[in-house]
Amino acid sequence: MIHLKLALRTLIHYRMYSVINLAGMAISLACAIIIARYVHSELTVDGFNSRLNRIYMTTMEDSNNLGAIRFSGISNPNREKNFVDLSANPGVEKHSLFRHYDGEDIVVENQTYSTGVLVTDTCFLQILDYRVIAGVNNLRRPEDVIITEAFAAKVFGSEDPLGKTISYPSLHRTLTVAGIIRKPAYKSILSFDMLVSSQLTRHWSHMANSVILLYPGVDYRNFNRQYSEFMEMAAWGYSIRYQLFPYRDIYFEKHIANYAGFARGNFTYIFIMSGIGIMLLLTGLVNYINIHSVVMTRRNRELGMKKVFGAEGYKIFAQLLIENLTVIGLSLIIAFRLAAAFSPFMENRIGVMQYPNLRFDLWLSLALAVVLPTLVSAVPFLRYQYFSPVRSLKSVNAGNKSLFSRKFFLCFQYCLTVGLITVSLFFVKQLNFMLDKDLGYRTHDVISVSFMKDQYTTYEILTSIEEHDREDSRRREVFEILKQKLNASTALEHWTFGGFPIGAGKYAFKVPGGELQAISIRGADEKWFKIFDIKLLEGRSWDNETDEWDSYNLIASKSVLKQFGITDYREGELIPRDRLWWSSLRSKEEMDTNPPYHIVGVVKDFHTEHLSAQLSPIVFTFSKAHPDDSSGNSVIASFAPERRKEVLEFMKNLHGELIGGDFTYSFIEDEIAKLYSEDKKVTVICTAFTGMAILISILGLLGVSLFDIRQRRREIAIRKINGAMMKDIISLLLKRYFVLLGVAFAISVPVTLFVIVKYLENFAYKTPISWWLFAMALTATLVISLLTLICQVYRAGKEPPAEVVKN
């Protein structure tokens, strides 16, 4: 209690420095807490599963697809004799199949909602620990549906959702809400609104995925070795094998094809965020230590006298520790309040999701509350413990010469500030470079609107033949009316059915020499090339009147010819692999006798992926939409910039007239921006936290300069008496700070350059590292320092010299 009273008395006596330290440390800790929570949530994805170390997904690898691996359910639809069922192994405790459907329409009280649906079985919730807070935790009845707490609030508001009915139009079924799932306390790779029973129909359209729970003690690596041989699938014409992959590792897995709708993370962004958090924490800590050293310089006499009168070392350390613990403890309380206040902004505006975890917060608080005060208290304690009392007393008036430690920490703080500003400026430059780069096609004023929504959730006909025919007739009628309306519109330049160039699927091809190559492939028609202004280099484009969808013709990008060594496109022939999407319609014998594809045209290369990836070769097959074609669900159209509002209104009215329900649309510039959403997030975060680092540095510089200038008040007064001008005094006092800034800049440049170069290693296309980035960072730091220092120097220079000397 005595130590606490002494600590509070000291903090009040040096209240100006205490307030500066409290504010700087609170801001630093708040930023560090927000980042630490984000990093923790990224590294503990699906941590709510108590048996996470025993949960695995199955992957499938086939011999005909360049060794590509994808997540897949275990199935043997053709009853192959060579098939070995991995899930039947005695080491498997439970096995569940699920399918993910995104954007499914469901109807509640005549209101249509677009939802994420997970079709699964009863074992799903016995493997994964999604907590059911009301109702049943199984899907034993086919008509039962389990919905999430968030979806229940969205659809039913404050009403009790249990027993409510939901219409599922694509299945022609009415479902009953039987359970409610609470939002997990951890981030999850699976995102869904409803769990639906797989018993609703026998033939689901999407690929199934298997999730497996192994018994304790079963090593999945031995399990995989047991099933390492490929199984020949005679009906498919190639061999496959299934393997287990740890569920906990899926989030950061980049190489396994993801058709299950799993969320994916990026270690690079986590490293960047961690680095920013550490730099901010160091900035706050260095600021604290620097100002604390100023206070300790003024307390030399106090501690020296205590040693003279026999004060024991542990008492001095206890007093220093309690003082620092008080300030840092208060800073932590304020920091958690600030983090809570800014969490909605971070989640809604920046996209940094916060998953507060009480256990993590307690451990983080304990670590910070123990480590930081101990570290800050240890340095002055060791100095006064081993320095003689006489030396401590003699150093009272040595404040006119800055201590080496203050110079070191101030220089270090300058390094961090310059580095953060440079990195922030570079992220902005790289993001703008990627967004502004010519991708080789039209990237503005093209709209995509979802019409003719795909209703093929199942291949099974769930209605009577008459009703099915009526629905089919209605679909064809809507299709024809839609074409007529679009053709009659004067607001559109060109239109067709299809999608944006972004994200074309990759498949395996082999050239006449037998070499396998992976290239992108997509369907397109004549109007598609016109909409996106894709330049034809040689040959011809598609002709909607004469070309057929099942012809053996291709249009290829220029890099396809280069990759396959084709010098004359008219003679270039590609042999298709059997992993093209239509291969399942043909037998192995038909695949072996397929004629080669002729390249009838060559187009200029263009980018379909994030610019961190190399340019991908792409070929086009002819594809012209018809009412039964699920690939023609979206209308894409180009228009003049000044007619954007008119086009949007036209599309909305047309959708409401023909289809109804949710009006879903997107512009191509928005889709391109989505490719760089993570880059934008990191840029915004880095910029925002750089601003925080600058604010902390200003507080630190304010405290240190305030002490230095007060220590030199008499010197300033004497120089003024001897005729020194204000500009001379300002130049004299600022000189040491400029020297420290120059040293910090010289150290910061190579370190920052190394960080940027390492970051760019994963980018195929990168902006140059310009010299002006460092110049702007130096200038910004210099201006901030000048504004902080000159005000104090000017105020000190205006004090009456006689009064200062007399005092």
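Here the structure is a predicted model, which is why all the values come from computation and not from measurement. (Residues numbered from 1 in each chain as written. Predicted model: local features only at pLDDT ≥ 70, side-chain atom pairs only at ≥ 80, totals over all residues. Heavy atoms only, no water.)

1. Regarding the overall build of the protein
Selection rule: Helical segments are the DSSP runs of H or I of at least four residues, strand segments are the runs of E of at least two, and each set is numbered from the N terminus. Between buried and exposed lies partly exposed: a residue is buried under 20% and exposed over 50% of the maximum accessible area for its type, with that area taken using a 1.4 Å probe on protein chains only. Whether two residues are in contact is decided by their heavy atoms: any pair within 4.5 Å suffices. The accessible surface values rely on the Shrake-Rupley method and a 1.4 Å probe; as for residues, cover is taken only from the protein chains in view.
Each helix and strand counted, the protein has 22 helices and 23 strands in total. Residues classed as buried in the protein amount to 49% of the 807 residues present. Counting contacts in the protein only where the partners sit at least 6 residues apart, residues at least 24 apart contribute 80% of the total. Surface summary for the protein: the accessible area is close to 38,800 Å², and the carbon and sulfur share equals 57%.

2. Digging into helix 16 (residues 644–658)
What counts is decided by this rule: The span one expects for a helix is its residue count, reduced by one, times 1.5 Å. Note that the arc is computed from the directions linking the helix axis to the C-beta atoms.
Here helix 16 is 15 residues long and its end C-alpha atoms lie 21 Å apart, about the 21 Å a rise of 1.5 Å per residue gives. Burial in helix 16 covers these residues: Val647, Met651, Leu654, His655 and Leu658. For helix 16, the buried positions fall inside an angular range of 100° around the axis, keeping them on one side. With respect to the buried face of helix 16, the exposed residues turned more than 90 degrees away are Lys645 and Glu657. A positive backbone phi angle near 80° is found at glycine 660, which sits one or two residues after helix 16.

3. Quick word on unusual backbone geometry
Its identity as a non-glycine residue notwithstanding, asparagine 110 has a phi of 65°, on the positive side. By secondary structure assignment, the location of asparagine 110 is in the loop between strand 3 (92–108) and strand 4 (111–120). Phi angles above zero are rare outside glycine, and histidine 172 is one such case at about 55°. Among the secondary structure elements, histidine 172 is positioned in the loop between strand 7 (165–168) and strand 8 (173–181).

4. Details of the pairing of strand 6 (residues 144–148)
On a regular strand, each side chain points to the face opposite its neighbour's, so the side chains alternate between the two faces of the sheet. Test applied: Two strands are said to pair when DSSP picks up at least two bridges between them.
Of all five residues in strand 6, five are buried, a share of seventy percent or more. Here three bridges tie strand 6 to strand 9 (residues 194–197), and the two strands are oriented antiparallel to one another. Pairing of isoleucine 146 across the sheet is with leucine 195, part of strand 9.

5. Let's talk about the packing of aromatic side chains
Put simply, the rule is: Each pair of aromatic rings taken from Phe, Tyr and Trp, with Trp reduced to its six-membered ring, is defined by centres within 6.5 Å and is described as stacked if the planes are under 30 degrees apart, edge-to-face if over 60, and tilted in the remaining cases. A positively charged side chain is recorded as over a ring if its NZ (Lys) or CZ (Arg) lies within 6 Å of the ring centre. The angle to the ring normal must also be within 35 degrees.
In this structure the tally under the stated criterion is 31 aromatic pairs. Centre to centre, the rings of phenylalanine 71 and phenylalanine 245 are 6.0 Å apart; their planes meet at 75°, and the pair counts as edge-to-face. Here phenylalanine 245 lies in strand 12 (residues 238–246) and phenylalanine 71 lies in strand 2 (residues 69–71), a separation of 174 residues in the sequence. An identical accessibility class is assigned to phenylalanine 71 and phenylalanine 245; each is buried. Seen from their ring centres, phenylalanine 124 and tyrosine 130 are 6.1 Å apart, and the 10° between their planes marks the pair as stacked. For the pair phenylalanine 124 and tyrosine 130, one class covers both residues: buried. Among the aromatic residues, ring-to-ring pairing joins Phe48, Phe71, Phe98, Phe124, Tyr130, Phe192, Phe245 and Phe262 into one connected group. In this structure, lysine 527 packs its charged tip against the face of tryptophan 495, placed 5.0 Å from the ring centre. The ring centre of phenylalanine 667 lies 4.2 Å from the NZ or CZ of arginine 644, which sits over that ring.

6. Some thoughts on a nonpolar patch on the surface
Formally: Within the patch definition used here, like charges are joined within 9 Å and nonpolar side chains (Val, Leu, Ile, Met, Phe, Trp, Tyr) within 5 Å, considering only residues with over 30% relative accessible area and no salt bridge. Each reported salt bridge corresponds to a side-chain nitrogen of Lys or Arg within 4 Å of a carboxyl oxygen of Asp or Glu.
Together, Val739, Val743, Ile747, Val751, Phe754 and Val755 make up an exposed nonpolar region whose accessible area comes to about 530 Å². For isoleucine 747, the position within the fold is in helix 20 (residues 726–760).

7. Notes on the pattern of salt bridges
A complete count under the given rule lists 20 salt bridges for this structure. Where glutamate 159 meets lysine 164, a salt bridge forms, and the shortest distance between an N and an O atom there is 2.7 Å. The salt bridge involving arginine 643 is made with glutamate 646; its shortest N-O contact spans 3.0 Å. Glutamate 646 gets classed as partly exposed once you look at its relative accessible area, which sits at 39%. In the salt-bridge network here, residues are joined through shared partners; they are Asp445, Arg644 and Glu669.

8. As for the sheet that holds strand 14 (residues 494–497)
Which entries qualify depends on this criterion: For every element, the axis is a line fit to its C-alpha atoms; helices are fit only across the contacting stretch, and the angle between N-to-C directions ranges from 0 to 180 degrees.
Spatial strand order, 14-22-13-23: four strands in an open sheet with antiparallel pairing. Since the sheet does not close on itself, it has two edges, and those belong to strand 14 and strand 23 (665–667), each with one partner. Each adjacent strand pair in this sheet contributes to an overall mean axis angle of 15°, direction not counted. The pairing of strand 13 (residues 446–450) with strand 22 (residues 634–638) spans five bridges and is antiparallel. Bridging from a neighbouring strand, valine 449 pairs with valine 635 of strand 22. Of the strands in this sheet, strand 13, strand 22 and strand 23 are in contact with helix 16, which crosses strand 13 at around 15°. Across the face of the sheet, helix 17 (residues 668–675) comes into contact with strand 13 and strand 23 while running at roughly 80° to strand 23.

9. Here's the deal with the pairing of strand 22
Summarising burial for strand 22: five of the five residues are buried, a large majority. Bridge count between strand 14 and strand 22: four bridges; the pairing is antiparallel. Within strand 22, the position partnered with tryptophan 495 by the bridge is alanine 637.

10. Quick look at the side chain of threonine 496
The following threshold applies: Definition of a polar contact: a pair of N or O atoms within 3.5 Å, with one able to donate and the other able to accept a hydrogen when the atoms are protein atoms, and with sequence-neighbouring residues admitted only if both atoms are side-chain atoms.
On the secondary structure map, threonine 496 appears in strand 14. By relative accessible area, which is 4% here, threonine 496 ends up buried. Side-chain polar atoms of threonine 496 contact the side chain of aspartate 525, separated by 2.7 Å. Ignoring sequence-local partners within four residues, the contact set of threonine 496 consists of Asp525, Lys527, Trp528, Ile531, Ser634, Val635 and Ile636.

11. Side note on the nonpolar core
Where we set the bar: Think of a nonpolar core as a cluster: buried Ala, Val, Leu, Ile, Met, Phe, Trp, Tyr and Cys residues, connected wherever their side-chain atoms sit within 4.5 Å.
By size, the foremost hydrophobic cluster in this structure holds 109 residues, and its most contacted members are Leu190, Tyr247, Phe532 and Phe620. Among the elements that line this core, the one with the most residues is helix 2 (residues 15–43), at twelve residues. With residues up to four places along the chain from it excluded, the contact list for phenylalanine 532 reads Tyr441, Arg442, Val446, Gly499, Phe500, Pro501, Ile636 and Ile668.

Purely geometric stuff here, so don't read any function into it on its own.
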